Amino acid sequence: MSHDAPNLDFAGSTPYEDYVKADVLTHLQHTLSDDPGEMVFLVTTQVMELWFTVIVHEWETAARALREDRTDVARDALKRSVRELEALNASWTPLAGLTPAQFNSYRGALGEGSGFQSAMYRRLEFLLGDKSASMLVPHRGSPRVHAELEKALHEPSLYDEVVRLLARRGYDIPDAVLQRDVTRKYEPAPEVEAAWTAVYSGDQNGDLARLGEALTDVAELVWRWRNDHLVATRRAMGSKTGTGGSAGVAWLEKRARGNVFPELWTARSYV
Ligand code: HEM
């Protein structure tokens with residue numbers, strides 16, 4: 001055998017398999033109907049779960065780095081997550097044109113299954129500051145998932161760490177915000193808005209201004225994911241109720257209306 005060809009000889013599984021677990025990953029596609037279109041629905045959902053996992057990892061890295069005042073490490077993680085959010089959002093493409101008839105071919109087989117029950121998406125929302133203890137309820141029956149969510153609920157969100165950093169940098173943030181109950185949804189505060197207004201009115205190359213822009217990119221791309229999901233859902237099922245039991249599109253519209261990192265948007269009116 002010539003020496004410039006790849007190695008073919010492995011005693012056990014390949015080192016690629018040992019690292020990637022491709023054999024496991026490519027045998028997790030258990031479709032529930034005979035419809036040939038269900039495969040891409042299932043795999044797109046699995047692909048999105050993997051992206052959620054990567055993005056949660058980046059934001060946890062960013063939150064930890066902010067706590068340690070390492071804003072450059074935090075910004076690097078956030079910027080990686082921006083590219084990943086773009087890839088996540090691009091994965092809507094195969095489902096974006098789903099018709100009601102196509103979706104109906106396997107919708108019944110999904111039973112009450114819904115993305116609403118995605119624990120990794122919930123962790124993503126918790127990191128953004130959209131905390132809610134009741135979102136743990138669906139996961140009572142899965143101890144590992146429940147424990148991870150419970151931990152995430154009680155940890156300060158990524159945005160809480162950002163606001164605490166603003167305070168350490170001398171911006172006047174009240175104790176009510178700094179010591180808020182982090183298991184509750186973050187509510188916008190005028191002092192945080194004033195801090196961002198000052199940051200954005202000052203040195204555009206300062207690390208807080210650049211951090212603010214990385215967070216704004218994140219917020220915009222999360223909003224796009226929600227809107228792409230909303231439009232795909234409207235195309236696939238109109239105003240029917242969701243498999244998860246919600247009002248469907250009307251419920252998702254309400255969810256998509258919420259602003260991510262609210263003061264980063266409202267401060268712009270005052271710069
Ligand atoms: C085009 C096909 C899809 C339709 C028609 C659809 C429909 C819906 C509906 C109606 C809801 C509201 C809850 C309910 O009553 O079920 C929902 C929630 C959700 N879906 Fe989808 N979905 C689709 C694809 C996906 C995919 C591929 C993912 C990726 C994981 C996903 C993730 C989610 C998440 C995370 C929620 C909860 C959102 C929140 O809590 O704000 N969906 N979906």
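Quick caveat: nothing in here was measured; it's all calculated off a predicted structure.

**Side note on the layout of surface pockets**
In this structure, the second largest pocket encloses a volume near 260 Å³. Forming the boundary of the second largest pocket are 14 residues, of which E60, R67, K151, A152 and E155 lie nearest the centre. Among the elements of the structure, helix 3 (38-67), helix 6 (119-128) and helix 7 (143-154) are those that each provide at least two residues to the lining of the second largest pocket. Counting residues per element, the lining of the second largest pocket draws most heavily on helix 3, which supplies 4 residues.

**Details of empty space enclosed by the protein**
Following the criterion strictly, the structure yields 2 cavities of 30 Å³ or more and no others. In this structure, the largest cavity spans a volume of roughly 50 Å³. Taken together, F52, L85, L88, Y121, L124, V222 and W225 make up the lining of the largest cavity. Of the residues contributing to the lining of the largest cavity, the split by class is 7 nonpolar, no polar and no charged. In this structure, the second largest cavity encloses a volume near 40 Å³. Along the walls of the second largest cavity sit D160, V163, R164, V177, L178, R180 and Y186, which together make up its complete lining.

**Let's talk about the coordination of the iron atom of the ligand**
Looking at the iron atom of the ligand, one finds just one donor atom contributed by the protein, H229 (NE2), at 2.1 Å. Residue placement: H229 occurs in helix 11 (residues 207-237).

**Points about the UniProt feature "binding site: heme" (unreviewed entry) in the chain**
Per the UniProt annotation, the sites labelled "binding site: heme" (unreviewed entry) are H229. You can call H229 partly exposed: its relative accessible area is 22%. Once residues within four sequence positions are removed from consideration, H229 is found in contact with W92 and L252.

**So, the pattern of salt bridges**
Tallying each qualifying case throughout the model produces 17 salt bridges. Through salt bridges with shared partners, a single network forms among R122, E125, D130, K185, R226 and R255.

**Here we look at the site of the ligand**
As a structural note, the neighbourhood of the ligand is formed by 26 residues, with S114, R122, H229, S246 and R255 the closest of them. At a separation of 2.7 Å, an oxygen atom of the ligand approaches a polar side-chain atom of S114. Between the ligand and the protein, one listed contact pairs a nitrogen atom with a side-chain N or O atom of H229 at 2.9 Å. At the level of secondary structure, the elements contributing two or more residues to the shell around the ligand comprise helix 3, helix 6, helix 11 and helix 12 (249-257).

Criteria and cut-off values
Residues numbered from 1 in each chain as written. Predicted model: local features only at pLDDT ≥ 70, side-chain atom pairs only at ≥ 80, totals over all residues. Heavy atoms only, no water. 1 Å grid on protein atoms, 1.4 Å probe; cavity = no way out; pocket = protein on both sides within 12 Å on 5 of 7 lines; lining within 4 Å. Points joined across faces, edges and corners; volume = space filled by probe spheres on them. Helix = DSSP H or I, 4+ residues; strand = E, 2+ residues; numbered from the N terminus. Nonpolar A, V, L, I, M, F, W, Y, C, P; charged D, E, K, R; others polar. Donors = N, O, S within 2.8 Å, 3.2 Å for Na, K, Ca; no water. UniProt positions renumbered as here; feature names shortened; annotations may be inferred. Buried < 20%, exposed > 50% of the residue type's maximum accessible area, 1.4 Å probe, protein only. Contact = heavy atoms within 4.5 Å. Salt bridge = Lys/Arg side-chain N within 4 Å of Asp/Glu carboxyl O. Near = heavy atom within 4 Å. Polar contact = N/O pair within 3.5 Å; in protein donor to acceptor, adjacent residues only side chain to side chain.

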